[in-house]
Amino acid sequence: MSKRSSSSSNNKKPSKRMRSFGSANSFDDANGSARLIAAHHAAERAGQGSSYLSTRPDPQAKRVRSLWECCVEVSARGLLDVVKVRRAVVEAEGERTGGGAAEGSRAKALFGWDPQKRKALAEAAAQAGVPDPKELKRLGDFIRILPSPTVDRVLGVLLRLSTREDLVGSDGNSQGIEVDIHRLSVLFLHPTTTRLSLSSLGPTSLLLSKIPQCTALAYLDLSSHTSLSDSTLKGVLGKLNLLEKVVLRGCTKVGDGSVMALAGASGKMLKLLNLNLTAVTIKGLTTLFVKCPNLEVLKLANIQGLIERNVSKLIDDATAASLSDPSSLPPLSRLQNLKLRSTDLTDSSLGRFLTLCAPTLTHLDVAYTHLKSLELLSRAVHSLPSGQWKLRKLVISGLPLTPASIQGFFNPLAFDRTEEERAKFHTLKMGALPAVSSKIPGLNDAVLEGIMPALERLEGLKSVSFYGNWELGKREQPMARFIEMASRRCTALDLTTGIQSYHLEGLLPSLEINGPPTLEILVLDSTKVNDEAAAAIAECSELRSLSLAETKISTKLLSTVLPACPRLTTLNLTSCRGVPVVQRRRFFEAWEKGEVEIE
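Every chain is numbered independently, its residues counted from 1 as its sequence is written. Reporting of local features is limited, given that this is a predicted model, to residues whose pLDDT is at least 70; pairs of side-chain atoms are given and counted only at 80 or more, and all residues count toward the totals for whole chains, interfaces and linings. Each side-chain value is derived from all of the structure's non-hydrogen atoms; neither hydrogens nor water enter the calculation.

## Side note on empty space enclosed by the protein
Then, number 1: Points on a 1 Å grid over protein atoms alone make up a cavity when a 1.4 Å probe fits among them but cannot get out, and a pocket when they form an open set with protein on both sides within 12 Å along at least five of seven lines; lining residues each have an atom within 4 Å of a point. Grid points are joined across faces, edges and corners, and a volume is the space filled by probe spheres set on the points. Under the criterion given, the structure shown has one cavity of 30 Å³ or more.
Then, number 2: In this structure, the largest cavity encloses a volume near 30 Å³.
Then, number 3: As for the largest cavity, its lining consists of A358, P359, L361, V381, L384, Q388, W389, K390 and L391.
Then, number 4: Residues are grouped as follows: Ala, Val, Leu, Ile, Met, Phe, Trp, Tyr, Cys and Pro are nonpolar; Asp, Glu, Lys and Arg are charged; every other residue, Gly included, is polar. Within the lining of the largest cavity, the residues separate by chemical class into seven nonpolar, one polar and one charged.

## Considering the nonpolar core
Then, number 1: Counting 147 residues, the largest nonpolar core has F188, L288, F409 and F482 as the members making the most contacts within it.
Then, number 2: Strands are runs of DSSP state E lasting at least 2 residues, helices are runs of H or I lasting at least 4, and numbering of each runs from the N terminus. The greatest single-element share of this core, amounting to seven residues, is contributed by helix α8 (residues 148–167).
Then, number 3: With residues up to four places along the chain from it excluded, the contact list for F188 reads L79, I143, V151, V154, L155, L158 and T193. Buried Ala, Val, Leu, Ile, Met, Phe, Trp, Tyr and Cys residues that are joined via side-chain atoms within 4.5 Å together make up what is termed a nonpolar core. Any residue under 20% of the maximum accessible area for its type is buried, any over 50% is exposed, and the rest in between are partly exposed; the area is computed with a 1.4 Å probe on protein chains only. Contact between two residues is taken to exist if any of their heavy atoms lie within 4.5 Å; hydrogens are not considered.

## Focus: the confidence of the model for the chain
Then, number 1: Known as pLDDT, the predictor's per-residue confidence is scaled from 0 to 100. Averaged over every residue, the pLDDT of the chain is 83; the share at 70 or more is 80%.
Then, number 2: The low-confidence segment residues 88–118 (pLDDT under 50) makes 42 contacts with residues lying over four places distant or belonging to another chain.
Then, number 3: Under a pLDDT of 50 for its full length, residues 165–175 has, in the predicted model, 15 contacts with residues more than four places off or in other chains.

## Looking at helix α12 (residues 256–266)
Then, number 1: Of all the eleven residues making up α12, nine are buried; the element is thus mostly covered by neighbouring parts of the structure.
Then, number 2: Regarding α12, the residues found buried are D256, G257, S258, V259, A261, L262, A263, A265 and S266.
Then, number 3: In the core, the buried residues of α12 are packed alongside α11 (230–237), β6 (245–247), β7 (272–274) and α13 (282–291).
Then, number 4: Where α12 terminates, the next one or two residues include G267, which has phi positive at roughly 50 degrees.

## Quick notes on the packing of aromatic side chains
Then, number 1: The aromatic pairing rule takes the rings of Phe, Tyr and Trp, using the six-membered ring of Trp, and pairs them if the centres are within 6.5 Å, calling planes under 30 degrees apart stacked, those over 60 edge-to-face and the rest tilted. Under the definition given, this model contains seven aromatic pairs.
Then, number 2: Between the aromatic rings of F587 and W591, the centroid separation amounts to 6.5 Å while the plane-to-plane angle is 20 degrees, which identifies the pairing as stacked. Residue F587 and its partner W591 are both found in helix α24 (residues 587–592); the two are separated by four residues, about one turn of the helix.
Then, number 3: Note on F587: relative accessible area 0%, which makes it buried.
Then, number 4: Three or more aromatic residues link up through ring pairs in this structure, and these residues are W389, F409, F410 and F425.
Then, number 5: For a Lys NZ or an Arg CZ to count as sitting over a ring, it must be within 6 Å of the ring centre and within 35 degrees of the ring normal. The side chain of R195 reaches across the aromatic face of Y219, ending 3.9 Å from its centre.

## As for unusual backbone geometry
Then, number 1: Backbone torsion omega between Q477 and P478 reads 10 degrees, so that peptide bond is classified as cis.
Then, number 2: Note on placement: P478 falls in the loop between β13 (463–465) and α20 (479–486).
Then, number 3: We note that N302 has phi near 65 degrees; this positive angle belongs to a residue other than glycine.
Then, number 4: Note that N302 resides in the loop between β8 (297–299) and α14 (308–323).
Then, number 5: Of the residues examined, N302 reaches a relative accessible area of 6% and is grouped as buried.
Then, number 6: Despite not being glycine, L332 shows a phi value in the positive range, around 60 degrees.
Then, number 7: If you trace the backbone, L332 turns up in the loop between α14 and β9 (337–339).
Then, number 8: Classification of L332 as buried rests on a relative accessible area of 1%.

Rendered as structure tokens:
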């Protein structure tokens, strides 16, 4: 592997598609929930390269499915035939009744519960082989007496299968499958149901009206239902008093009413709440903090209005309310996971949050906020007594941090904490640190060199992301040394930076560090890596996912990597022009059939 010139003329700029991934989550784009969701999905597509993602089952998977798992799969497939309906049947029924395509769409939207359409649609269902209501009820009664974990698992597998079948049928074309909500509710929405994950279904009035009858419900996921109104959900959550985990991510119309109803009904039972991309304000959060002191996971990404003044009022009001009740715990006193990504959070506001939860915090995400320093975070966690360090994951992407601020966090962790405490810290995401000035240079080779001594002492590191730091890799060191060290500790590395093939020499056998690389996920999108890196990547024998989008690799590299990495199941070959377009999505299949030509 020959070292290439690192002159500025060779510095590859990422494409507009890849650059959009780094900016989609910045606070400058936080102008509207719908726009944020669109940006989120665009970012996911850009980062994962779904259009040319080649996958295959793990060829070395030795795990044998249990009898219980096989029974669950068979049951779910059988029940899918009961609850599914083809859109063509419903739309055809709408046209048969004289309404044309518009009536067909209406019938599709109301299928299964519109009283005026019940008779006609029942006839259409009978033609499709659907059981009559009495048989459906008997089946539902039988499901009701099954153990709750079994029922929850069957429902989860059924919904997963319905989504897959909707996308592609046996003939390779879309089958247009929909789940009939009425049948689904008869079968699964019972007082004994404990888990509902309905993000793949539309929040119809029938579905929402049936949820409260699941009186034992502990987990509810309604994520990405952008049409779900706050007033409607408020009435549902107010009737469920055993909820422990609620996911409302992307429900852009859900706000304070639903959160206050949830806090009032579930109260001390609630342990996890995901409010990313919702319309909640400090009014609802104040009630949540006071009435739900046992919260362990709170996600507030892209929540508007978390400015310094509002955060101070939120913390002050919640603290005062808890002090007025001697039996109440302090707010957020048991919080372990806090996500404040892409909000208006400032250094002072973060300090207020940390006064409540620093001793218990294990996961913190403050990426793309208005933070300018890690000083208050360092002060809060490093002041904890010896043996009480708990922080395991830190996400600080997109923050304009000085080198001194970064070192001020990592040096005390690496040199003042015990080996056991250092081993707890396992995930670091420090992507796209902006270069603002000479004092705030972003994450470049010099800054990485400054924190390398500390990183080398963090033996517990399992996942590191330097995504979007394009100034990294202009010199051979310290990036090559970092890769050599991290690849033997981590299972996941995102090196979407300015690195070249010679930086990956650290993956080759080393005289200084024993053992082969332990990587299972390696991301090299938009790097200057080419076929010269084949031997190095091939050393990662445990690799399961390899992302090479927008690189100059060819089938030559892949022909070396695939035999050496038998566990590899996912390849991202988006915009890899050295691989024929027709093979990028189905490269594993083409390889096994001998269709790949080596350049």
